[in-house]
Amino acid sequence: MKFTVQKDKLSDAVNRVMKAISTRTTIPILTGIKITAGLDGITLTGSNSDISIKSFIPLEENGSENVEIDKAGSIVLPSRLFSELVRKLPDEQILIEADSRLIAKITSGKAEFSLNGLDPDEYPNLPVINEKDVVSIRKDLLKDLIRQTIYAVSDSETRPVLTGVKWTIKDGRLDCVATDSHRLAQRSVSIESVNETEVFNIVIPGTSLNELSKILDDDDEKNIDLVITANQVLFKTRNMQFYSRLLDGNYPDTSRLIPSDSKTTMTLSTKDLYHSIERASLLAKEERNNVVKLRADGEQVEISSQSAELGRVFETLNTEKFEGETLHISFSAKFMMDALSKIDAQNVRIFFTGPMRPFIIRPIGDEGILMLILPIRTF
């Protein structure tokens, strides 16, 4: 194998695949990056047992040459060392050649390194996915979907299925739901699907979506394709493929958690409410559950919290609109701030059905988003 590549292109591709590589893997070869030089460009692959990422550098792009291939071939190189090395090489061009003894020589400017590689034939094959049912989604929308649901996944392995986000694709709509059984986040959007009749119900690990979201930053494509199989999902752009395993198990029917009526409804400024709870949580942090209390009576809402050792805090907010009964309720400041920080709308409407029933937060102007939080009993 022998090729010359532009340093910035190689560095971007390495950073991308590094997000899939774990140092704690039980399969030694997975601590490496697989590099394959083909006739059309270079493919880098990184994988752990949950996610795999392939990044492709084409021979040329937008009229400028990225890679020059002298001899096709492949090798697996130690990922940590190789990524550090690429970042610190002196010249804008890097020559990489590997011989039959699996020793890679890396030359850039006047610097020359040789690294011991591993046999690429021992690298596990990525799943072969039949791309007949492709769903296309705007990249910025996908990032929003992940941001507005992932915070509510469970971080406890006692019910593994709750550590993921449930995606349902049906009738040209994608519904995403996450819950840790104390709170819930839901977002629905319209999408383009090749097969409108097929219904998909999958649960994608929260950790996979988190890594995908980071990668989407450095890719300037507008749309991303989504391909689903029985146990894998593939997210695909022109030069990147991101595979994730799916979680097994029955995801709970969350629609039953969502109350259909409300006794008290109020509209508040998202920013004002967030900052008020943030200030109240300064005292609440010291207590066990980080509890903040809300008392609503007509035009005004009082946010308060207290700590036996530190003191008390009260703050009054004006509601934009108030309907229904007077209300006293306590909740986790962290859960409320997590939800409000994901809302882009100026105002939110909150629906309460009583002091011990779950309440719903909806941004005004976006009916596709719903957030639910369970109150905390404080008496």
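Conventions and cut-offs
- Residues numbered from 1 in each chain as written.
- Predicted model: local features only at pLDDT ≥ 70, side-chain atom pairs only at ≥ 80, totals over all residues.
- Heavy atoms only, no water.
- Phe/Tyr/Trp six-rings, centres within 6.5 Å; stacked < 30°, edge-to-face > 60°.
- Buried < 20%, exposed > 50% of the residue type's maximum accessible area, 1.4 Å probe, protein only.
- Patch = residues over 30% accessible without salt bridge, like charges linked within 9 Å, V, L, I, M, F, W, Y side chains within 5 Å.
- Areas by Shrake-Rupley, 256 points an atom, 1.4 Å probe, with all protein chains shown as cover.
- Salt bridge = Lys/Arg side-chain N within 4 Å of Asp/Glu carboxyl O.
- Lys, Arg positive; Asp, Glu negative; His and termini not counted.
- Charge placed at Lys NZ, Arg CZ, Asp CG, Glu CD.
- Helix = DSSP H or I, 4+ residues; strand = E, 2+ residues; numbered from the N terminus.
- Pairing = 2+ DSSP bridges.
- Axes fitted to C-alpha atoms, helices over the stretch in contact; angles between N-to-C directions.
- Contact = heavy atoms within 4.5 Å.
- Parallel < 35°, antiparallel > 145°, perpendicular 65-115°, else oblique.
- Left-handed = near helix turned anticlockwise from the far one by under 90°.
- Nonpolar A, V, L, I, M, F, W, Y, C, P; charged D, E, K, R; others polar.
- Core = buried A, V, L, I, M, F, W, Y, C linked by side-chain atoms within 4.5 Å.
- Polar contact = N/O pair within 3.5 Å; in protein donor to acceptor, adjacent residues only side chain to side chain.

1. Overview of the packing of aromatic side chains
Alright, step 1. In this structure the tally under the stated criterion is four aromatic pairs.
Alright, step 2. Seen from their ring centres, phenylalanine 235 and phenylalanine 242 are 6.3 Å apart, and the 65 degrees between their planes marks the pair as edge-to-face. Both residues of the pair, phenylalanine 235 and phenylalanine 242, count as buried.
Alright, step 3. Ring plane angle 35 degrees and centroid distance 5.1 Å describe the contact between phenylalanine 352 and phenylalanine 359, whose orientation is recorded as tilted.

2. Considerations on a negative patch on the surface
Alright, step 1. A cluster of acidic residues, Asp8, Asp12, Asp91 and Glu92, forms a negative patch at the surface.
Alright, step 2. You can see aspartate 91 is positioned in the loop between helix 2 (79-88) and strand 9 (93-98).
Alright, step 3. Classification of aspartate 91 by relative accessible area gives partly exposed; the value is 35%.

3. Some points on the side chain of serine 304
Alright, step 1. Positionally, serine 304 belongs in strand 23 (residues 300-307).
Alright, step 2. What makes serine 304 buried here is its relative accessible area of 11%.

4. Quick notes on the sheet that holds strand 22 (residues 291-297)
Alright, step 1. The strand order across the open sheet formed by four strands is 24-23-22-26, and the pairing between neighbours is antiparallel. The strands lining the two open edges of the sheet, one partner per strand, are strand 24 (311-318) and strand 26 (327-332). Between one strand axis and the next, the sheet turns through 20 degrees on average, direction left out of account.
Alright, step 2. The pairing of strand 23 with strand 24 spans eight bridges and is antiparallel. Of the residues in strand 24, the one forming a bridge with glutamine 300 is asparagine 318.
Alright, step 3. Strands strand 22, strand 23, strand 24 and strand 26 of the sheet are contacted by helix 5 (residues 270-284), whose axis makes an angle of about 175 degrees with strand 24.

5. Observations regarding the packing of helix 3 (residues 139-150) against helix 4 (residues 206-216)
Alright, step 1. It is the contact of helix 3 with helix 4, at a shortest axis distance of 10 Å, that shows an interaxial angle of 140 degrees. The angle between the axes of helix 3 and helix 4 places the two elements in the oblique class. In the crossing of helix 3 with helix 4, the sense of the turn from one axis to the other is left-handed. Listed contacts from helix 4 to Lys139, Leu142, Lys143, Ile146 and Ile150 of helix 3 are Gly206, Leu209, Asn210, Leu212, Ser213 and Leu216.
Alright, step 2. In terms of residue class, the contact of helix 3 with helix 4 is built from six nonpolar, three polar and two charged.

6. Section: the packing of helix 1 (residues 7-18) against helix 2
Alright, step 1. Two elements in contact, helix 1 and helix 2, have axes separated by 9 Å at closest approach and are oriented at 150 degrees. Taken as axis vectors, helix 1 and helix 2 run roughly antiparallel relative to one another. Where helix 1 crosses over helix 2, the handedness of that crossing is left-handed. In contact with Lys7, Leu10, Ser11, Val14 and Met18 of helix 1, helix 2 contributes Ser79, Arg80, Phe82, Ser83, Val86, Arg87 and Lys88.
Alright, step 2. Here the residues of the contact of helix 1 with helix 2 sort into five nonpolar, three polar and four charged.

7. Considerations on the pairing of strand 22
Alright, step 1. Examined bridge by bridge, strand 22 and strand 26 share six bridges and lie antiparallel to one another. By the bridge assignment, leucine 294 is partnered in strand 26 with isoleucine 329.
Alright, step 2. Here five bridges tie strand 22 to strand 23, and the two strands are oriented antiparallel to one another. By the bridge assignment, alanine 296 is partnered in strand 23 with valine 301.
Alright, step 3. Between strand 22 and the antiparallel strand that follows it, strand 23, lie two residues; glycine 298 among them carries a positive phi value of about 70 degrees.

8. Thoughts on the sheet that holds strand 20 (residues 240-245)
Alright, step 1. Taken in spatial order, the nine strands line up as 8-2-3-4-20-19-18-12-16 in an open sheet, and their pairing is antiparallel. Two strands in the sheet have a free side with no partner beyond their single neighbour: strand 8 (73-78) and strand 16 (192-193).
Alright, step 2. Of the strand pairs in this sheet, strand 12 (residues 134-138) and strand 18 (residues 223-228) are connected by five bridges, and their pairing is antiparallel. Bridge assignment links valine 135 to a residue of strand 18, and that residue is leucine 226.
Alright, step 3. Docked against the sheet, helix 2 engages strand 2 (32-38) and strand 8, running at close to 95 degrees with respect to strand 8.
Alright, step 4. Each of strand 4 (51-58), strand 18, strand 19 (232-236) and strand 20 is contacted by helix 4, which is oriented at about 170 degrees to strand 20, the strand it contacts most.

9. Quick word on the environment of leucine 370
Alright, step 1. For leucine 370, the location among the structural elements is in strand 29 (residues 369-373).
Alright, step 2. Note: C-alpha distance between leucine 370 and valine 14 (356 residues apart in sequence) is 37 Å.
Alright, step 3. Excluding its chain neighbours within four sequence positions, the residues that come into contact with leucine 370 are Leu184, Ala185, Gln186, Ile258, Ile360, Ile361 and Arg362.

10. What about the nonpolar core?
Alright, step 1. In this structure, Phe82, Trp167, Phe235 and Ile361 are the most contacted members of the largest nonpolar core, which totals 96 residues.
Alright, step 2. Per element, the largest residue contribution to this core is six residues, and it comes from helix 6 (residues 333-340).
Alright, step 3. Once residues within four sequence positions are removed from consideration, phenylalanine 235 is found in contact with Leu142, Trp167, Ile204, Leu209, Leu212, Ile224, Asp225, Leu226, Met240, Gln241 and Phe242.

11. Some remarks on the environment of aspartate 344
Alright, step 1. Position of aspartate 344 among the secondary structure elements: in the loop between helix 6 and strand 27 (347-352).
Alright, step 2. You can call aspartate 344 exposed: its relative accessible area is 57%.
Alright, step 3. The contact partners of aspartate 344, leaving out residues within four places of it in the chain, are Arg147 and Gln148.
Alright, step 4. Of note is the side chain of aspartate 344, whose polar atom sits 2.9 Å from the side chain of arginine 147.

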